[in-house]
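# Summary of structural features
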Amino acid sequence: MSIEIRNESGVVVDETSIVSAARFALDRMEVSLLAELSVLLVTLDDMAGLHEQWMDLPGPTDVMAFPMDELEAGHRPDAGDASPALLGDIVLCPAFAKDQARTAGHSLLEELHLLTVHGVLHLLGYDHAEPAEEREMFALQKRILGDFRAASAAAKRREAQRFSDDRLLGAAGLDGAAEE
């Protein structure tokens, strides 16, 4: 799975973590490993321009998703075929997301993870215009984010344990250094 990320927002964020959230969501949705995705982080002004141009709505927003036309033609990347598919683009606005994160009581990175998963689901055809669609999409989003957080926490625990084990082995002289 190829995920390209570009940060043109001027806000320093953990880009690797955002890519990890996107990859996790795509894996959970069983999207082909040959799929390609682009994530772009933009300024408030750039997002306002996109929001006006594509949604005919004033001002910036937090996330926009631009699916590729080939997906609408029945070539969904989660259909199981082995052909590569361009999913599309997710555009995030960290400056806008900062206030949302503060209101929600979590970090900017957590908000960007949420928005990334939200964008992935939009690219895969999920929407929240109708109440039933909203319930389905937001339940799926919540489940994916919960699983991502749990997997990330487990990976951090394993890394901390490896570090601790390496320190202990080094102190005992068993760190794998060649004996002379």
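Counting restarts for each chain: residues are numbered from 1 in the order of the written sequence. At least 70 in pLDDT is required for a residue's local features to be given in this predicted model, at least 80 for side-chain atom pairs to be given and counted, and no such filter applies to totals for whole chains, interfaces and linings, which use all residues. Calculation of side-chain values draws on the structure's entire complement of heavy atoms; hydrogens and water are dropped beforehand.

## Considering the overall build of the protein
- Across its full length, the protein holds 6 helices and 4 strands.
- Reading the protein from its N end, one meets helices and strands in the order β-α-β-α-β-α-β-α-α-α.
- Residue exposure (1.4 Å probe, protein chains only): buried if accessible area is under 20% of the type maximum, exposed if over 50%, otherwise partly exposed. Counting all 180 residues of the protein, 36% fall into the buried class.
- Of all intrachain contacts in the protein linking residues separated by at least 6 positions in sequence, the fraction that spans at least 24 positions is 65%.
- Carbon and sulfur atoms provide 53% of the accessible area of the protein, an area that totals close to 10,600 Å². Numbering of helices and strands runs from the N terminus; a helix is a DSSP stretch of H or I covering at least four residues, while a strand is a stretch of E covering at least two. Contacts are assigned to residue pairs with any non-hydrogen atoms lying within 4.5 Å of each other. Using a 1.4 Å probe, accessible areas were evaluated by the Shrake-Rupley method; residue-level cover was limited to the displayed protein chains.

## Considering helix α6 (residues 131–171)
- Multiplying 1.5 Å by the residue count of a helix minus one yields the expected span of that helix. Look at α6: 59 Å from first C-alpha to last across 41 residues, which is about the 60 Å you get at 1.5 Å a residue.
- For α6, the set of buried residues is M137, L140, Q141, I144, L145, F148 and A154.
- In the core, the buried residues of α6 are packed alongside α1 (15–28) and α5 (108–123).
- One or two positions beyond α6, positive phi appears at G173, with a value near 75°.

## A short note on the pairing of strand β1 (residues 2–7)
- Note on pairing: DSSP must find at least two bridges between two strands before they are called paired. Across 6 bridges, β1 lies against strand β2 (residues 36–41) in parallel orientation. Bridge pairing in β2 links I3 to L37.

## Observations concerning the sheet that holds strand β4 (residues 86–92)
- Strand order across the open sheet formed by 4 strands is β1-β2-β4-β3, with mixed pairing between neighbours. This sheet does not close on itself; its edge strands, each paired only once, are β1 and β3 (63–67). Neighbour-to-neighbour, the strand axes of this sheet turn through a mean angle of 15°, independent of strand direction.
- Of the pairings in the sheet, the one linking β3 to β4 comprises 5 bridges and is antiparallel in character. Note on β4: the bridge partner recorded for P67 is G88.
- To get an axis, fit a line to the C-alpha atoms, keeping to the stretch in contact for a helix; angles then go from 0 to 180 degrees between the N-to-C directions. Its contacts with the sheet put α1 on β1, β2 and β4, and the angle it makes with β1 is roughly 145°.

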